[in-house]
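The primary structure of each chain is shown beneath.
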Protein chains: 2
Amino acid sequence: MNHQPDPLLTAGEVARMFRVDPKTVTRWAAAGRIGSIRTPGGHRRYSETECRALLEGSRTGGQA
Amino acid sequence: MNHQPDPLLTAGEVARMFRVDPKTVTRWAAAGRIGSIRTPGGHRRYSETECRALLEGSRTGGQA
DNA sequence: TGGGATTGGGGTAATTCGGGAC
DNA sequence: CGTGTCCGAATTACCCCAATCC
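What you are looking at is a predicted structure, and each value in this text was computed from that prediction instead of being measured.

Visitor: Explain the sheet that holds strand 1 (residues 8-9) of chain B to me, using residue names and the numbers behind them.
Guide: All names here are of chain B. Sheet architecture is open: 3 strands sit in the order 1-3-2, paired in antiparallel fashion. Both outer strands of the open sheet, strand 1 and strand 2 (37-38), are each paired with one neighbouring strand and no more. Alignment of strand 1 against strand 3 (residues 44-47), held across 2 bridges, turns out to be antiparallel. For Leu9, the partnering residue across the bridge sits in strand 3 and is Tyr46. With respect to the sheet, helix 3 (residues 48-57) is in contact with strand 1 and strand 3, its orientation differing from that of strand 3 by roughly 60 degrees.

The following block contains the structure:
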């Protein structure tokens, strides 16, 4: 069920999404709280789909 | 168990898979981090199988 | 043969990694 | 317990242009 390429994000992009430090995103990945793949050079890439899911999934209340 | 030809990818295609610059893919090949074939003109071609293996092989964490 | 798009190479900023501490 | 910052080192991104690909 995965024939479509999954958009990948850099640490900095994910960091801006969550308004945290890129280092924090790295910690999340190291702790296995967020999925990640590594480039042969060692840099991490994150799934945009998963990040947005985490963002929306953790949403509480909101309706005014 | 290898009777089927291995699909070859260009630098740009590999770059999109890893969300990196095509130049970076070239550096991987030059550094021997990834296998590559050269066209008589000097351009490189990469194995799709190997690229996807690297992608999946580096997969980490996610949701438990 | 012509033409648009991509690639390779060199050089230089910007980002990321990793550890360790507060 | 989670996060932001410091450091040095490595990796990656963007600039140029000539050559190659289709």
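From this point, the discussion proceeds with the structure in view.
Visitor: Please provide a residue-by-residue account of helix 2 (residues 22-30) of chain A, values included.
Guide: Residues and elements named next belong to chain A. For helix 2, the complete set of buried residues consists of Val25, Trp28 and Ala29. Within helix 2, the buried residues cover an arc of 100 degrees as seen down the axis, which keeps them to one side. Turned more than 90 degrees away from the buried face of helix 2, the exposed residues are Lys23, Arg27 and Ala30. Of the surrounding elements, those touching the buried residues of helix 2 are helix 1 (11-18) and strand 3 (44-47). The distance from a side-chain oxygen at the start of helix 2 to the backbone nitrogen of Lys23 is 3.0 Å, and the residue carrying that oxygen is Asp21. Looking one or two places after helix 2, you find Gly32, whose phi comes out positive at around 75 degrees.

Visitor: Give a detailed account of the protein's contact with DNA strand D, specifying residues and quantitative values.
Guide: In the vicinity of DNA strand D lie 22 residues, with Thr24 of chain A together with Asp21, Thr24, Arg33 and Thr39 of chain B positioned nearest. A share of 72% is what sugar and phosphate atoms reach among the atoms of DNA strand D within 4 Å of the protein. Asp21 of chain A places a main-chain nitrogen or oxygen 3.1 Å from a phosphate oxygen of DNA strand D. Separating a phosphate oxygen of DNA strand D from a side-chain N or O atom of Thr39 of chain B is a distance of 2.8 Å. Looking at the surface near DNA strand D, the elements with two or more residues in it are helix 2 of chain A together with helix 2 (22-30) of chain B. Tallied by class, the residues present in the surface near DNA strand D amount to 4 nonpolar, 8 polar and 10 charged.

Visitor: How would you explain the interface of chain A and chain B if you had to name every residue and give the values?
Guide: At the interface, 15 residues of chain A touch 13 residues of chain B. With both chains or domains summed, chain A and chain B bury close to 1,100 Å², and 56% of this area falls on carbon and sulfur atoms. By the criterion of area lost to chain B, the three top residues of chain A are Leu8, Ile37 and Pro40 of chain A, representing 43% of everything that side buries. Here chain A is connected to chain B by 1 salt bridge. Arg19 of chain B serves as the salt-bridge partner of Glu13 of chain A, at 2.6 Å between the closest nitrogen and oxygen. Where chain A meets chain B, there are 5 residue pairs in polar contact (both at pLDDT 80 or more). Here the side of chain A that touches chain B is built from residues that sort into 5 nonpolar, 5 polar and 5 charged.

Conventions and cut-offs
Residues numbered from 1 in each chain as written. Chains lettered and ligands numbered in written order. Predicted model: local features only at pLDDT ≥ 70, side-chain atom pairs only at ≥ 80, totals over all residues. Heavy atoms only, no water. Pairing = 2+ DSSP bridges. Helix = DSSP H or I, 4+ residues; strand = E, 2+ residues; numbered from the N terminus. Contact = heavy atoms within 4.5 Å. Axes fitted to C-alpha atoms, helices over the stretch in contact; angles between N-to-C directions. Buried < 20%, exposed > 50% of the residue type's maximum accessible area, 1.4 Å probe, protein only. Arc of directions from axis to C-beta. Polar contact = N/O pair within 3.5 Å; in protein donor to acceptor, adjacent residues only side chain to side chain. Near = heavy atom within 4 Å. Nonpolar A, V, L, I, M, F, W, Y, C, P; charged D, E, K, R; others polar. Buried area = accessible area lost by both parts, 1.4 Å probe. Salt bridge = Lys/Arg side-chain N within 4 Å of Asp/Glu carboxyl O.

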